[in-house]
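Okay, here's what each chain looks like letter by letter:
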Protein chains: 2
Amino acid sequence: MKIEEEIKQSTFKSEYQKAHINLIYTSGWVQQAQAALFKPFGVTLPQYNVLRILRGQYPKPATISLLIERMLDKTSNASRIVDKLEAKELVTRKQCPADRRTVDVLITEKGLALLKEMDELESGEGTGITNLTEQEAEQLSDLLDKIRK
Amino acid sequence: MKIEEEIKQSTFKSEYQKAHINLIYTSGWVQQAQAALFKPFGVTLPQYNVLRILRGQYPKPATISLLIERMLDKTSNASRIVDKLEAKELVTRKQCPADRRTVDVLITEKGLALLKEMDELESGEGTGITNLTEQEAEQLSDLLDKIRK
DNA sequence: TTATGTTAGTTGTTTGAACAATGATTCTTA
DNA sequence: TAAGAATCATTGTTCAAACAACTAACATAA
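Each chain carries its own residue numbering, running from 1 in the written order of its sequence. Key to labels: chains lettered from A, ligands numbered from 1, both in the order written. Where local features are concerned, this predicted model is filtered to residues with pLDDT of at least 70; where side-chain atom pairs are given and counted, the filter is 80 or more; whole-chain, interface and lining totals use all residues. Only hydrogens and water are set aside when side-chain values are computed; all heavy atoms of the structure are taken into account.

## A word on the protein's contact with DNA strand D
Reasoning step 1: Here a residue is considered near a molecule or strand provided that any single heavy atom belonging to it is located within 4 Å of it. Inspection of the region around DNA strand D gives 18 residues, with Arg100 of chain A together with Lys39, Ser65, Ser79 and Arg80 of chain B positioned closest.
Reasoning step 2: Put simply, 70% of the atoms of DNA strand D that lie within 4 Å of the protein are in sugar or phosphate.
Reasoning step 3: Here Arg80 of chain B contributes a side-chain N or O atom positioned 2.6 Å from a base nitrogen of DNA strand D.
Reasoning step 4: Here a polar contact is taken to be a pair of N or O atoms separated by no more than 3.5 Å, where protein atoms must pair a possible hydrogen donor with a possible acceptor and residues adjacent in sequence count only if both atoms sit in side chains. Within the side chain of Arg101 of chain B, an N or O atom sits 3.2 Å from a base oxygen of DNA strand D.
Reasoning step 5: Under the scheme used here, helices are H or I runs from DSSP no shorter than 4 residues and strands are E runs no shorter than 2 residues, and both carry numbers assigned from the N terminus. Contributions of two or more residues to the surface near DNA strand D are made by helix 5 (78-87) of chain A together with helix 4 (64-71) and helix 5 (78-87) of chain B.
Reasoning step 6: Its residues assigned to classes, the surface near DNA strand D shows three nonpolar, six polar and nine charged. Three classes are used, and their members are as follows: Ala, Val, Leu, Ile, Met, Phe, Trp, Tyr, Cys and Pro are nonpolar, Asp, Glu, Lys and Arg are charged, and the others, Gly among them, are polar.

Written out as structure tokens, the structure reads:
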């Protein structure tokens, strides 16, 4: 549905304003769809992202700093997110011997298995992205990249 | 920056997966930029959205249900968001005489004035959307509309 | 080596979000 | 019109996010 109908506003000041509001709106829309997909697996989006980063590092461990750096939510709830993941036995945390200030966070077999299950989700199925053609998906990526420049 | 570099993942299973992850990522990115812009005005994104809806209705009042319906966060924090707005004197709330179950929520002069100030923000300035050409912005809107179909 | 500063991570605290349950009013229909 | 169902809004409660303060460990330099 066109954004105009969606939010019952027929005119915008510019294409920029329209795209901007559309992005905010769709962003919320997708995040909700995402959350619904995630719920059965018992992890939130930030937790999932941390798991993904850890898999990227595997079998090397990651420090909390590295997680924060990659997480985009630069505000450091990283410690607490790792708390949650640790409680679910999806990661382990142990002090690094070389630098005792830092912590080695490592994804467990259980964590890897969960991610493997969840890989199916990443296809975009269920979040509307597959309403696009492959070429359009590519176009979208390019536009988004440009926004974050 | 390309999403591959942004999240340090060089390959994706498909253009869909790539666009999907890119959308989630960019969505968070934009929301953060947005929150930063909003902070000086003392309202959060959901509060702002409610104010926008109320302005759309003005001078008619809106019920809480109508707010929920338009808000996309269908989970009803609407009451509490209105609480916050009322505390800041940006809206008024009074029981509707015709149906005493419902509440008439109305934006105040102060609320309208605040929105007027904030209209500047909606141009997209400061959230990266203006990195696009006008035509690209239009293209983006179309793609997003298609996703939510 | 010891004082100073820096970095890493954790822990409070306040604030808002998510979800469910409740209470009040209206609608429906027998 | 009286009883049960449905609707509207509010209120608990739990959970996560934002921001700042704090502790421990390392680095630097006098």
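And the narrative resumes.
## A look at the interface of chain A and chain B
Reasoning step 1: By definition in these notes, contact holds between two residues if any of their heavy atoms fall within 4.5 Å. Listed per partner, the contact involves 60 residues of chain A and 60 residues of chain B.
Reasoning step 2: Summed over both partners, the accessible area lost on bringing two parts together, with a 1.4 Å probe, is the buried area. Buried area between chain A and chain B, summed over both chains or domains, comes out near 6100 Å², and the portion from carbon and sulfur atoms is 57%.
Reasoning step 3: Contact with chain B buries area across many residues of chain A, yet Tyr16, Ile147 and Arg148 of chain A alone supply 13% of it, more than any other trio.
Reasoning step 4: A carboxyl oxygen of Asp or Glu within 4 Å of a side-chain nitrogen of Lys or Arg is what we treat as a salt bridge. Where chain A meets chain B, there are eight salt bridges.
Reasoning step 5: Across the pair Lys146 of chain B and Glu136 of chain A runs a salt bridge whose closest N-O atoms are separated by 2.7 Å.
Reasoning step 6: Secondary-structure elements contributing two or more residues to the side of chain A that touches chain B are helix 1 (3-6), helix 2 (15-38), helix 3 (45-57) and helix 7 (134-147) of chain A.
Reasoning step 7: For the side of chain A that touches chain B, the element with the highest residue contribution is helix 2 of chain A, accounting for 19 residues.
Reasoning step 8: A class-by-class count of the residues in the side of chain A that touches chain B yields 21 nonpolar, 19 polar and 20 charged.

## Focus: the nonpolar core
Reasoning step 1: We call a set of buried Ala, Val, Leu, Ile, Met, Phe, Trp, Tyr and Cys residues a nonpolar core when their side-chain atoms join them within 4.5 Å. Any residue under 20% of the maximum accessible area for its type is buried, any over 50% is exposed, and the rest in between are partly exposed; the area is computed with a 1.4 Å probe on protein chains only. If you look at the biggest cluster of nonpolar residues, it comprises 25 residues, and the most contacted ones within it are Leu51, Leu54 and Val91 of chain B.
Reasoning step 2: When contributions to this core are tallied by element, the ones reaching two or more residues are helix 3 (45-57), helix 4, helix 5, strand 2 (103-107) and helix 6 (109-118) of chain B.
Reasoning step 3: With five residues, helix 3 of chain B is the largest single contributor of residues to this core.
Reasoning step 4: Val43, Ile81, Val91 and Leu115 of chain A belong to the second largest nonpolar core, which has 24 residues in total.

## Topic: the packing of aromatic side chains
Residues and elements named next belong to chain A.
Reasoning step 1: Side-chain rings of Phe, Tyr and Trp, where Trp is taken by its six-membered ring, are said to pair if the distance between their centres is within 6.5 Å; with planes under 30 degrees apart they count as stacked, over 60 as edge-to-face, and otherwise as tilted. Under the criterion given, the structure shown has two aromatic pairs over all chains.
Reasoning step 2: Here Phe38 and Tyr48 contribute two aromatic rings whose centre-to-centre distance is 4.8 Å and whose plane-to-plane angle is 55°, an arrangement assigned as tilted. Within this pair, whereas Phe38 is found in helix 2, its partner Tyr48 is found in helix 3, the two being separated by 10 residues in sequence. Here Phe38 and Tyr48 have matching classes, each one buried.

## Side note on helix 5 of chain A
Residue and element names in this part refer to chain A.
Reasoning step 1: Restricting attention to buried positions, one finds in helix 5 the residues Ala78, Ile81, Val82 and Leu85. Viewed end-on, helix 5 has its buried residues packed into an arc of 100°, placing them on one side of the element. Turned more than 90 degrees away from the buried face of helix 5, the exposed residues are Arg80 and Ala87.
Reasoning step 2: Buried residues along helix 5 sit against helix 3, helix 4 (64-71), strand 1 (91-95) and strand 2 (103-107).
Reasoning step 3: Just beyond helix 5, the residue with positive phi is Glu89, at close to 60°. Comment: arc refers to directions from the helix axis out to C-beta atoms.

## Topic: the pattern of salt bridges
Reasoning step 1: Tallying each qualifying case throughout the model produces 22 salt bridges over all chains.
Reasoning step 2: A salt bridge links Asp99 of chain A to Arg101 of chain A, with the nearest nitrogen and oxygen atoms 2.9 Å apart.
Reasoning step 3: Overall, Asp99 of chain A belongs to the partly exposed group, its relative accessible area being 25%.
Reasoning step 4: Connected via shared salt-bridge partners are Lys2 and Glu6 of chain A together with Asp142, Asp145 and Arg148 of chain B.

The quantities given are spatial measurements derived from coordinates; they are silent on function.
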